[in-house]
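Each chain, letter by letter, is given below.
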Amino acid sequence: MSELTTVARPYAKAAFEYAVEANAVENWLTMLVFAAEVSKNEDMTAFLSGSASVEQTQDLFIKVCDDQLDSNGQNFIKVMAENKRLLVLPQVAAQFGELKAEYEKTVAVDVTSAVELSAEQMTTLSAALEKRLARKVKLNCNIDASIVSGLVIKADDMVIDGSVRGKLGRLATMMQS
C-alpha cells in the first residue's frame, strides 16, 4: 500500500498546487473523488489492468466521467492514463484531501458517544479541540451505546478514550498485572 501512496503523491501534489493557483480546490476534490470512484469500479479496474491502448483508456475514462470533469480535470486524467496510473486515483484523491485539510488548517474529528450530543456540547467540545489541535475542527459524531458513557475522540493519530468501557478495560488490565 505504501508503494501506491508513493506513486500517487506527485499527482496529488501537482493537482493540489494547480487547484490552489486556480482557486478551485473544492472543485478539484470533487472531480478527483468522482474519478477515484470510477477507477474502483470492478469493470473499470479490469479494463485499466488490460492491454487497451492509452488513447482507448483516456477516451473511455473521460466518457464515463462525462461532465463531472472540466477540461483541466480531463487533461489530468489523460496524463495519468499516459503513465498508466489511473488505478492509483483513490490514493491521489485521499492525499489531495489531506493536502486540502492541511491548507485549510482543518481536521476531521470522529466523536463516539453513548447518547446523542446536544448542540451546546458539540460547540464546547469543538472549541476545546480547536484550542488543543490549533486547527479548525469538523466533528463527525457517532452513537455507540456499548461505550456506556463518556466519549471516544479520534483525530488523525490522536485517540482520547474517556468512555466508561475504556476505563473499565484499563482497570481490568491493571488488575491483571
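See the structure printed just above.
K.L.:
Can you walk me through helix α7 (residues 119-133) in this structure?
P.N.:
The α-helix winds at 3.6 residues per turn, so residues separated by three or four positions along the chain end up facing the same way. Counted at 1.5 Å a residue, the expected span for α7 with its 15 residues is 21 Å, and the 21 Å between its end C-alpha atoms agrees. Where α7 is concerned, the buried positions are Leu 125, Ser 126 and Leu 129. For α7, the buried positions fall inside an angular range of 105° around the axis, keeping them on one side. Facing away from the buried surface of α7 by more than 90 degrees, the exposed residues are Glu 120, Thr 123 and Lys 131. Once α7 finishes, Ala 134 follows within two positions and takes phi at roughly 55°, a positive value.

K.L.:
Would you mind showing me how to read the pairing of strand β2 (residues 136-143) here?
P.N.:
In the case of a regular strand, side chains alternate between the two sheet surfaces. With eight bridges joining them, strand β1 (residues 106-113) and β2 adopt parallel strand pairing. Bridge pairing in β2 links Thr 106 to Lys 136. A crossover connection joins β1 to the parallel β2 through α7; in handedness this β-α-β unit is right-handed.

K.L.:
What exactly am I supposed to notice about a nonpolar patch on the surface here?
P.N.:
A cluster of nonpolar residues, Leu 168, Leu 171 and Met 175, forms a patch on the protein surface that exposes about 340 Å² of accessible area. One can find Leu 171 in helix α8 (residues 164-176). Using a relative accessible area of 45% as the deciding quantity, one classes Leu 171 as partly exposed.

K.L.:
For this particular structure, what's the right way to read the pattern of salt bridges?
P.N.:
Note on pairing: side chains with opposite charge can pair once their charged atoms come close. Tallied over the full model, the rule gives six salt bridges. Of the charged contacts, one joins Glu 102 and Lys 105 as a salt bridge, the two residues approaching to 3.6 Å between their closest N and O atoms. On the accessibility criterion, Glu 102 (39% relative accessible area) is partly exposed. Residue Lys 105 is classed as partly exposed on the basis of its relative accessible area of 45%. Connected via shared salt-bridge partners are Glu 102, Lys 105, Arg 135 and Asp 156.

Parameters at a glance
Residues numbered from 1 in each chain as written. Predicted model: local features only at pLDDT ≥ 70, side-chain atom pairs only at ≥ 80, totals over all residues. Heavy atoms only, no water. Helix = DSSP H or I, 4+ residues; strand = E, 2+ residues; numbered from the N terminus. Expected span 1.5 Å × (residues − 1). Buried < 20%, exposed > 50% of the residue type's maximum accessible area, 1.4 Å probe, protein only. Arc of directions from axis to C-beta. Pairing = 2+ DSSP bridges. Right-handed = clockwise from strand over helix to strand, strands pointing away. Patch = residues over 30% accessible without salt bridge, like charges linked within 9 Å, V, L, I, M, F, W, Y side chains within 5 Å. Areas by Shrake-Rupley, 256 points an atom, 1.4 Å probe, with all protein chains shown as cover. Salt bridge = Lys/Arg side-chain N within 4 Å of Asp/Glu carboxyl O.

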